[in-house]
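# Observations on chain architecture
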Amino acid sequence: MNPIKSLSSRWLASNTLGIQILGALLKSRWLMLCMLALMALALLTQYEWALRQVLWIASITLLVILTSTTCQTLTNIFNLRRQETHITWCQISILIVIGIWILAFLIIFDIKSDSHYYIALGIIGTLLAWIFQDKVKGVLAFIHLRSHHLLSIDDWIQVPKYDVDGTVTRVTLTTVTIYNWDTTTSTIPINALHSDHFINFQNMMNGNTYGRRMLKTLVLDTTCFHPISANEAEQIKSHVDFRYLPEEEIKEGELNAKLYRIYLYHWMMGHPHVSQRPFLTVRWLDHVEWGLQLQIYAYIMDSGLQAFEWQQSQIIEHIINSLAWFNLRLFQKMSSDDDSSTDQNTEI
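Let me sum up the structure you'll find in this document. Keep in mind the model is a prediction, meaning the values are calculated, not measured.

Our next topic: helix H5 (residues 84-108). In this model, H5 (25 residues) spans 36 Å end to end at C-alpha, consistent with the 36 Å of a helix rising 1.5 Å per residue. Taken residue by residue, H5 has Ile-87, Thr-88, Cys-90, Gln-91, Ile-94, Val-97, Ala-104 and Ile-108 as its buried positions.

In this section: a nonpolar patch on the surface. Taken together, the side chains of Trp-30, Leu-33 and Leu-36 make up a nonpolar region of the molecular surface, amounting to roughly 360 Å² of accessible area. By the element assignment, Trp-30 lies in helix H3 (residues 29-44). The class for Trp-30 is exposed, based on a relative accessible area of 62%.

Below, the discussion takes up the layout of surface pockets. What the second largest pocket holds in volume is close to 210 Å³. Lining the second largest pocket are 13 residues; nearest its centre among them are Ile-21, Cys-71, Leu-74, Cys-90 and Ser-93. Listing elements by their share of the lining of the second largest pocket, those giving two or more residues are helix H2 (17-27), helix H4 (49-81) and H5. With six residues, H4 is the single largest residue contributor to the lining of the second largest pocket. A class-by-class count of the residues in the lining of the second largest pocket yields nine nonpolar, four polar and no charged.

Our focus in this paragraph is the pattern of salt bridges. For the structure on display, the rule yields five salt bridges. Asp-221 serves as the salt-bridge partner of Arg-329, at 3.2 Å between the closest nitrogen and oxygen. Here Asp-221 lies in the loop between strand S6 (212-220) and helix H10 (230-239) and Arg-329 lies in the loop between helix H12 (305-323) and helix H13 (336-347), a separation of 108 residues in the sequence. Residue classification places Arg-329 among the partly exposed residues on the basis of a relative accessible area of 46%. Since its relative accessible area comes to 11%, Asp-221 is described here as buried.

Tallied over the full model, the rule gives ten aromatic pairs. With a centroid separation of 6.3 Å and an interplanar angle of 70 degrees, the aromatic rings of Tyr-244 and Tyr-263 are classed as edge-to-face. Placement of the pair is Tyr-244 in the loop between H10 and helix H11 (256-269) and Tyr-263 in helix H11, with a sequence separation of 19 residues. Neither residue differs from the other here; Tyr-244 and Tyr-263 are each classed as buried. Through successive ring pairs, a cluster of aromatic residues spans Tyr-244, Tyr-260, Tyr-263, Trp-325 and Phe-326. Across from the ring centre of Phe-308, 4.2 Å away, lies the NZ or CZ of Arg-212, which sits over that ring.

Cut-off values and rules
The numbering scheme is per chain: residues are counted from 1 as the chain's sequence reads. Since the coordinates come from a predicted model, pLDDT governs what is reported: local features require at least 70, and pairs of side-chain atoms require 80 or more to be given and counted, while whole-chain, interface and lining totals use all residues. Note: side-chain values were computed over all heavy atoms of the structure, leaving out hydrogens and water. The numbering of helices and of strands both runs from the N terminus, where a helix is a DSSP run of H or I of at least 4 residues and a strand a run of E of at least 2. Multiplying 1.5 Å by the helix residue count minus one yields the expected span of that helix. In this scheme, a residue with accessible area under 20% of its type's maximum is buried, one over 50% is exposed, and one in between is partly exposed, where area comes from a 1.4 Å probe on protein chains only. Nonpolar side chains (Val, Leu, Ile, Met, Phe, Trp, Tyr) within 5 Å and like charges within 9 Å form the patches, drawn only from residues with over 30% relative accessible area and no salt bridge. Per-residue accessibility takes into account occlusion by the displayed protein chains alone, with areas from the Shrake-Rupley method and a 1.4 Å probe. Salt bridge criterion: a side-chain nitrogen from Lys or Arg within 4 Å of a carboxyl oxygen from Asp or Glu. Using a 1 Å grid laid over the protein atoms alone, points where a 1.4 Å probe fits but cannot get out form a cavity; open sets with protein on both sides within 12 Å along at least 5 of 7 lines form a pocket; any residue with an atom within 4 Å of a point counts as lining. Grid points are joined across faces, edges and corners, and a volume is the space filled by probe spheres set on the points. For this classification, Asp, Glu, Lys and Arg are treated as charged, while Ala, Val, Leu, Ile, Met, Phe, Trp, Tyr, Cys and Pro are nonpolar and the rest, including Gly, are polar. Put simply, two rings from Phe, Tyr or Trp (the six-membered ring, in Trp's case) pair if the centres are within 6.5 Å, and we call them stacked under 30 degrees between planes, edge-to-face over 60, tilted for the rest. Any Lys NZ or Arg CZ that is within 6 Å of a ring centre and within 35 degrees of that ring's normal is treated as a charge sitting over the ring.

The structure is reproduced here in structure tokens:
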């Protein structure tokens, strides 16, 4: 490996910010050398004033490019190390150096409010603002999101408009890169997170909420709804834990759907992985043509993806299994197989 590249890589791998900056500058050494050469010519040249102006502008332009390149190199490292503050200051440095370029332009060409350059500068500025309006929006979005701590590296976000669902791997002034759960990578404009709807799940994943929401709606076949008989009451008593459904409530004449709803609510209340806050409900929704909707709205305390899905699946499996204790069943449309079975039975 080239010794200069090797030294640059070693410095970039350092844990000291100053050495990292030197490593990034060394990586862009040709830009830095050209900038220094132009500055030296501007200082030492005996040419006419106009040429010195061009040399100074060219030098400062190279300074902007050098700063941008250096900051992007450092941003890659800071993204990997999740150094949020360093990422923000890297991007702000690019804005600062662009501001220095504009100020230097005004000073070098001695542009004042009464100068004939003023109108031309206004027109050029308007055109540039129009051309780079997306970049300007991106900068404003970056400042808003970072200053309010709405977006960080490794945050799990969803952006429905762009079909994005994954973890943030890179944040710059203009773009956000997301590693999706399906192992693809998406890069979207950062201003999309400012102007459009997006969801950040990181607080939930960090355990700063009551848990992760579980919202399931099942449709029960209402043809099974009926007051229970004495035999059915004994059947239910043989299956349920009386902590969740008191024995005295299981009596002949009670509606089986009502008993099931009460049992399921108390069973969820006693579940070790279900939070009782901010609320937990088991309720009937509007009747639909297929049956009556039973909704379970709860928060599972295991917010990690695998743990959550495991607990949610176990809860749903218990819900399905316990329906038979109350002689209830889920509604399901007849399939072609059901039709054929019916036809065969009719022929027999």
